[in-house]
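Letter by letter, the chains look like this.
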Amino acid sequence: MEELDRSRAFARDVKRIVVKVGTAVVTGKGGRLALGRLGALCEQLAELNSDGFEVILVSSGAVGLGRQRLRYRQLVNSSFADLQKPQTELDGKACAGVGQSSLMAYYETMFDQLDVTAAQLLVNDSSFRDKDFRKQLNETVKSMLDLRVIPIFNENDAISTRRAPYQDSSGIFWDNDSLAALLALELKADLLILLSDVEGLYTGPPSDPNSKLIHTFVKEKHQDEITFGDKSRLGRGGMTAKVKAAVNAAYAGIPVIITSGYSAENIDKVLRGLRVGTLFHQDARLWAPITDSNARDMAVAARESSRKLQALSSEDRKKILLDIADALEANETRIKAENDLDVAAAQEAGLEESMVARLVMTPGKISSLAASVRKLAEMEDPIGRVLKKTEVADGLVLEKTSSPLGVLLIVFESRPDALVQIASLAIRSGNGLLLKGGKEARRSNAILHKVITDAIPETVGGKLIGLVTSREEIPDLLKLDDVIDLVIPRGSNKLVTQIKNTTKIPVLGHADGICHVYVDKSCDTDMAKRIVSDAKLDYPAACNAMETLLVHKDLEQNAVLNELIFALQSNGVTLYGGPRASAILNIPEARSFNHEYCAKACTVEVVEDVYGAIDHIHRHGSAHTDCIVTEDHEVAELFLRQVDSAAVFHNASTRFSDGFRFGLGAEVGVSTGRIHARGPVGVEGLLTTRWIMRGKGQVVDGDNGIVYTHQDIPIQA
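- The chain is annotated in an unreviewed UniProt entry as Delta-1-pyrroline-5-carboxylate synthase from Arabidopsis thaliana x Arabidopsis arenosa.
- Reading the Function (unreviewed entry) entry of the UniProt record for the chain gives the comment "P5CS plays a key role in proline biosynthesis, leading to osmoregulation in plants."

Things to note about the overall build of the chain
Then comes step 1: For the chain, the count of helices and strands is 25 helices and 24 strands.
Then comes step 2: Here the chain has a C-alpha radius of gyration of 34 Å; the compact-globule value for 717 residues is 27 Å, and the former is much larger.
Then comes step 3: Taking the principal axes of the C-alpha coordinates as reference, the chain spans close to 100 × 80 × 50 Å.
Then comes step 4: Looking at the chain as a whole, 53% of its 717 residues are labelled buried.
Then comes step 5: Put simply, 74% of the contacts in the chain that link residues at least 6 apart link residues at least 24 apart.

A short note on the pattern of salt bridges
Then comes step 1: Applying the stated criterion to the full structure yields 31 salt bridges.
Then comes step 2: Residue Glu54 is joined to Arg16 by a salt bridge in which the shortest nitrogen-to-oxygen separation is 2.7 Å. Linking Glu54 in strand β2 (residues 54–59) with Arg16 in strand β1 (residues 16–21), this pair joins segments that are 38 residues apart in sequence. For the pair formed by Glu54 and Arg16, the shared burial category is buried.
Then comes step 3: The partner of Arg619 in a salt bridge is Asp615, with the nearest N and O atoms 2.8 Å apart. Of this pair, Arg619 and Asp615 are both found in helix α24 (residues 610–620), four residues apart, which corresponds to roughly one turn of the helix.
Then comes step 4: Through salt bridges with shared partners, a single ionic network connects Lys20, Asp177 and Lys242.

Remarks on unusual backbone geometry
Comment: phi is negative for the bulk of residues other than glycine, and the bulk of peptide bonds are trans.
Then comes step 1: A positive phi angle, near 60°, is found at Asp115, a position not held by glycine.
Then comes step 2: Locating Asp115 in the fold gives a position in the loop between α5 (92–113) and β3 (118–123).
Then comes step 3: Classification of Asp115 as exposed rests on a relative accessible area of 74%.

A few points about the state of the cysteines
By definition, a disulfide links the sulfur atoms of two cysteine residues through a covalent bond.
Then comes step 1: One pass over the structure, following the stated rule, counts zero disulfides.
Then comes step 2: Of the cysteine sulfurs around Cys515, a residue in no disulfide, the closest is that of Cys543, at 6.8 Å.

Quick word on the nonpolar core
Then comes step 1: If you look at the biggest cluster of nonpolar residues, it comprises 48 residues, and the most contacted ones within it are Ile410, Ile427, Leu433, Leu435 and Ile465.
Then comes step 2: With eight residues, the single largest contributor to this core is helix α17 (residues 417–429).
Then comes step 3: Setting aside residues no more than four positions away along its own chain, Ile427 makes contact with Leu309, Arg317, Ile320, Leu321, Ile324, Ile456, Leu464 and Ile465.
Then comes step 4: The next biggest cluster of nonpolar side chains, apart from the first, holds 38 residues, and it includes Leu201, Met239, Ala250 and Phe280.

Structural notes on the sheet that holds strand β15 (residues 515–519)
Then comes step 1: Taken in spatial order, the six strands make up an open sheet running β17-β18-β16-β15-β19-β20, and their pairing is parallel. Among the strands making up the open sheet, the edge pair consists of β17 (574–577) and β20 (647–650). Neighbour-to-neighbour, the strand axes of this sheet turn through a mean angle of 20°, independent of strand direction.
Then comes step 2: Sheet analysis places β17 next to strand β18 (residues 601–607), joined by four bridges and oriented parallel. Its bridge partner lying in β18, Tyr576 is registered against Thr603.
Then comes step 3: Of the strands in this sheet, β15, β16 (546–552), β17 and β18 touch helix α22 (residues 560–569), which is tilted by about 160° from β16.
Then comes step 4: Packed onto the sheet, α24 meets β15, β16, β18 and β19 (625–629) and runs at close to 170° relative to β15.

A closer look at helix α21 (residues 525–537)
Then comes step 1: Taking 1.5 Å of rise per residue, the 13 residues of α21 would be expected to cover 18 Å, and the 18 Å separating its terminal C-alpha atoms lies within 8% of that figure.
Then comes step 2: Taken together, the buried positions of α21 are occupied by Met527, Ala528, Ile531, Val532, Ser533, Ala535 and Lys536.
Then comes step 3: The inward-facing, buried residues of α21 abut β15, β16, α22, β18 and β19.

Observations concerning the packing of aromatic side chains
Two numbers describe a pair of aromatic rings. These are the distance of the centres and the angle of the planes.
Then comes step 1: As enumerated under the stated definition, the model contains seven aromatic pairs in all.
Then comes step 2: Taking 6.4 Å as the distance between ring centres and 20° as the angle between the ring planes, the aromatic pair formed by Tyr518 and Phe639 counts as stacked. Here Phe639 lies in helix α25 (residues 633–642) and Tyr518 lies in strand β15, a separation of 121 residues in the sequence. Assigned by exposure class, Tyr518 and Phe639 land together as buried.
Then comes step 3: Clustering of aromatic rings is evident, with ring pairs tying together Tyr106, Tyr107 and Phe111.

Concerning the sheet that holds strand β8 (residues 278–280)
Then comes step 1: Across the sheet, eight strands lie side by side as β3-β4-β2-β1-β5-β7-β8-β6; this open sheet has mixed pairing. Looking at which strands have only one partner, the edges of the open sheet turn out to be β3 and β6 (216–217).
Then comes step 2: Relative to β2, β1 is paired through six bridges, and the arrangement is parallel. From the neighbouring strand, Ile17 faces β2, where its bridge partner is Val55.
Then comes step 3: Each of β1, β2, β4 (150–155) and β5 (191–196) touches helix α2 (residues 35–50); the most contacted strand, β2, lies at about 155° to it.
Then comes step 4: Along the sheet face, α5 touches β1, β2, β3 and β4 and points at about 155° away from the line of β3.

With respect to the side chain of Glu605
Then comes step 1: With respect to the element layout, Glu605 can be found in strand β18.
Then comes step 2: Buried charged residue Glu605 carries no salt bridge. Nearest counter-charge: Arg580, at 5.7 Å.
Then comes step 3: One polar contact links the side chain of Glu605 to the main-chain amide nitrogen of Arg580, over a distance of 3.4 Å.
Then comes step 4: When sequence neighbours within four positions are dropped, the list of residues in contact with Glu605 reads Leu549, Leu550, Val551, Gly578, Pro579, Arg580, Ala581 and Phe593.

Side note on the environment of Asp615
Then comes step 1: Accessibility expressed as a relative area gives 40% for Asp615, which makes it partly exposed.
Then comes step 2: When the C-alpha atoms of Asp615 and Arg134 are compared, they prove to be 77 Å apart, with 481 residues separating the residues in sequence.

Brief notes about empty space enclosed by the protein
Then comes step 1: Taken as a whole, this structure holds one cavity of 30 Å³ or more when the rule is applied.
Then comes step 2: Contributing to the lining of the largest cavity are Arg37, Leu41, Gln44, Leu195, Ser260, Gly261, Ser263, Ala264, Asn266 and Ile267.
Then comes step 3: Breaking the lining of the largest cavity down by element, the ones donating at least two residues are α2 and α10 (266–271).

Quick word on α25
Then comes step 1: Looking at α25, one finds that the buried residues are Val635, Ala636, Leu638 and Phe639. What you see down the axis of α25 is that its buried residues fit within an arc of 160°, all on one side. More than 90 degrees from the buried face of α25, the exposed residues found are His633, Glu634 and Arg641.
Then comes step 2: Where α25 is buried, its residues meet β15, α24, β19 and β20.
Then comes step 3: A side-chain oxygen of the first residue of α25 lies 3.1 Å from the backbone nitrogen of Glu634; this N-cap is Asp632.

Comments concerning a negative patch on the surface
Then comes step 1: Residues Glu43, Glu47, Asp51 and Glu265 make up a contiguous surface patch of negative charge.
Then comes step 2: Structurally, Asp51 is set in the loop between α2 and β2.

Focus: the side chain of Lys318
Then comes step 1: Looking at the element boundaries, Lys318 is found in helix α13 (residues 314–330).
Then comes step 2: Contacts of Lys318, omitting those with residues within four sequence positions, involve Ala377 and Glu378.

Description of the environment of Thr117
Then comes step 1: By the element assignment, Thr117 lies in the loop between α5 and β3.
Then comes step 2: When the C-alpha atoms of Thr117 and Ala46 are compared, they prove to be 9.5 Å apart, with 71 residues separating the residues in sequence.

Cut-off values and rules
Residues numbered from 1 in each chain as written. Predicted model: local features only at pLDDT ≥ 70, side-chain atom pairs only at ≥ 80, totals over all residues. Heavy atoms only, no water. UniProt positions renumbered as here; feature names shortened; annotations may be inferred. Helix = DSSP H or I, 4+ residues; strand = E, 2+ residues; numbered from the N terminus. Rg over C-alpha atoms; globule rule 2.2 N^0.38 Å. Buried < 20%, exposed > 50% of the residue type's maximum accessible area, 1.4 Å probe, protein only. Contact = heavy atoms within 4.5 Å. Salt bridge = Lys/Arg side-chain N within 4 Å of Asp/Glu carboxyl O. Disulfide = S-S within 2.5 Å. Core = buried A, V, L, I, M, F, W, Y, C linked by side-chain atoms within 4.5 Å. Pairing = 2+ DSSP bridges. Axes fitted to C-alpha atoms, helices over the stretch in contact; angles between N-to-C directions. Expected span 1.5 Å × (residues − 1). Phe/Tyr/Trp six-rings, centres within 6.5 Å; stacked < 30°, edge-to-face > 60°. Lys, Arg positive; Asp, Glu negative; His and termini not counted. Polar contact = N/O pair within 3.5 Å; in protein donor to acceptor, adjacent residues only side chain to side chain. 1 Å grid on protein atoms, 1.4 Å probe; cavity = no way out; pocket = protein on both sides within 12 Å on 5 of 7 lines; lining within 4 Å. Points joined across faces, edges and corners; volume = space filled by probe spheres on them. Arc of directions from axis to C-beta. Patch = residues over 30% accessible without salt bridge, like charges linked within 9 Å, V, L, I, M, F, W, Y side chains within 5 Å. Areas by Shrake-Rupley, 256 points an atom, 1.4 Å probe, with all protein chains shown as cover. Charge placed at Lys NZ, Arg CZ, Asp CG, Glu CD.

Written as structure tokens, this is what we have:
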């Protein structure tokens with residue numbers, strides 16, 4: 001239900017209204033008139049006219065309507081032979097002339113039925129340069145309005161000096177949106193309403209589920225933040241043109257509303273001061289703050305809740321996790337229903353198979369998530385553990401203890417199960433949390449967030465975990481280095497790099513998951529095939545999946561290389577080769593060794609030996625997870641010591657590089673950096689340390705009278 005908006009109190013004083021209706025509202029499929037919508041519009045305007053409002057209409061649609069009529073006439077007059085020839089594009093000016101008479105005929109017919117008189121006024125851009133024209137325009141329109149006539153304006157495209165309709169955007173006005181704004185100023189209107197095929201101006205394309213309707217446009221805030229979609233499929237402009245016209249009129253003193261022409265009551269709602277569409281007003285910045293405080297409020301609330309969480313006993317924190325695990329299983333049907341909608345939308349949008357795979361939440365995955373949360377709950381409480389205890393001096397004891405970091409901001413793509421893992425780790429480690437998931441998992445993230453926060457007791461509060469639903473809030477959050485303590489991006493290289501470059505907050509994460517499996521000449525062939533197949537096929541979209549297979553050169557001669565290739569290709573893996581492998585195997589050459597496929601595809605290359613493999617990994621790897629398959633323990637130890645990655649395995653699939661499989665309960669992400677945490681990051685990676693000192697009145701006093709002992713004290717289990 002629309003609500004009254006105090007910023008729209010100006011509507012009470014409106015007398016003269018300019019209404020502009022766009023081509024997408026006037027016409028329907030095939031360019032024909034949308035009779036139902038036009039009829040409803042005429043009824044609204046007739047009621048306003050009857051109620052004493054002075055109504056001026058600016059109507060698009062003539063060119064599209066004329067084109068549809070002329071195409072039909074062209075078809076009727078064509079022979080079968082004519083139809084076999086390439087069809088030439090119709091002259092836009094001829095379309096305008098034919099369409100304008102048809103459009104006006106409809107308006108006259110409809111308004112006659114409503115006992116209202118309408119008048120057609122066609123204008124050209126050049127006319128407005130003439131002062132006498134503008135004076136006469138005002139006098140003529142005033143006379144019509146005094147007689148309760150509704151003037152209907154359109155640009156006279158048929159004899160316009162523009163090169164062609166829809167192409168030339170020069171002059172005093174360049175489309176009917178700018179004409180409407182110009183008329184509103186010239187005729188001293190009290191309000192301009194631009195009717196579109198969407199509800200108003202959104203933060204991004206209206207088809208994007210993360211886009212939000214902007215109720216009040218603030219130029220200083222929104223002009224650089226909005227992402228426009230394609231221009232109108234029918235008319236000359238689109239939302240970009242409407243915004244430009246609206247800003248020009250509003251900052252010249254004419255309030256403007258952009259709203260949908262598909263709703264029969266929107267004009268009436270605007271005049272009643274209801275919040276529909278998007279308002280443009282010269283005083284808008286006084287009503288809506290330029291800097292949105294929501295981001296800071298969320299972060300501060302998360303910190304306050306985290307302190308309440310830390311004040312609970314270990315058993316109470318454990319119970320929260322167990323309640324969450326139960327809630328996940330109890331709400332499996334609801335979670336699956338919302339996830340199915342996300343998956344269907346992703347498939348319909350044509351998203352890559354790897355992204356859709358990450359999005360899917362099966363009942364088995366939900367059960368697995370609940371199990372991982374329970375395992376996390378049963379682990380030793382990480383908060384307040386004494387890591388080191390020292391007697392500084394007689395009776396003066398110092399403890400180094402584990403402590404939560406504070407507030408975490410996690411930005412992740414595609415995988416809704418990551419939300420559960422991250423939230424449970426944050427609770428176990430006593431941290432506040434802000435989450436921003438990918439738009440493709442919007443519904444899944446929303447239901448999972450609700451299930452989890454509903455399980456958190458009121459003594460802590462659901463604001464412990466905030467769900468950021470709009471991408472426009474991310475830049476504000478990344479500025480809050482005084483409130484947010486760590487950012488963990490989980491997603492593409494582009495996402496991680498962008499975040500690192502735009503914040504002062506420490507960032508933990510990895511940009512790529514280019515994992516290698518090196519099969520040495522001393523391998524067990526069956527073991528090698530199992531490991532290579534698992535590393536690539538168990539979950540091809542995962543960041544710990546094998547992306548490059550390195551094979552010792554000797555394995556070409558004893559057919560092991562061919563067996564490995566067959567094992568992959570027979571399971572549908574597309575192979576690309578390095579220079580040596582592509583020549584040997586007759587497969588396409590990879591464009592780059594630095595590529596993460598996240599799909600059933602990988603790169604293969606032949607190397608000289610283990611040193612060649614190590615060198616290749618250091619030059620092209622991402623320091624995530626790399627594996628050697630060999631029975632030669634000396635070679636294995638060399639590989640394990642020298643490969644500088646977060647996780648290095650011997651005779652084990654790279655897919656083991658996971659927080660749950662490591663026994664961490666879950667993981668918040670994988671770090672390929674070298675500071676704070678590295679590899680799969682579980683609870684330990686979300687902790688810092690504090691120093692607790694207990695004394696008996698000691699003072700420093702220039703170190704006089706105190707004897708430092710600095711003796712380690714055994715920590716009691």
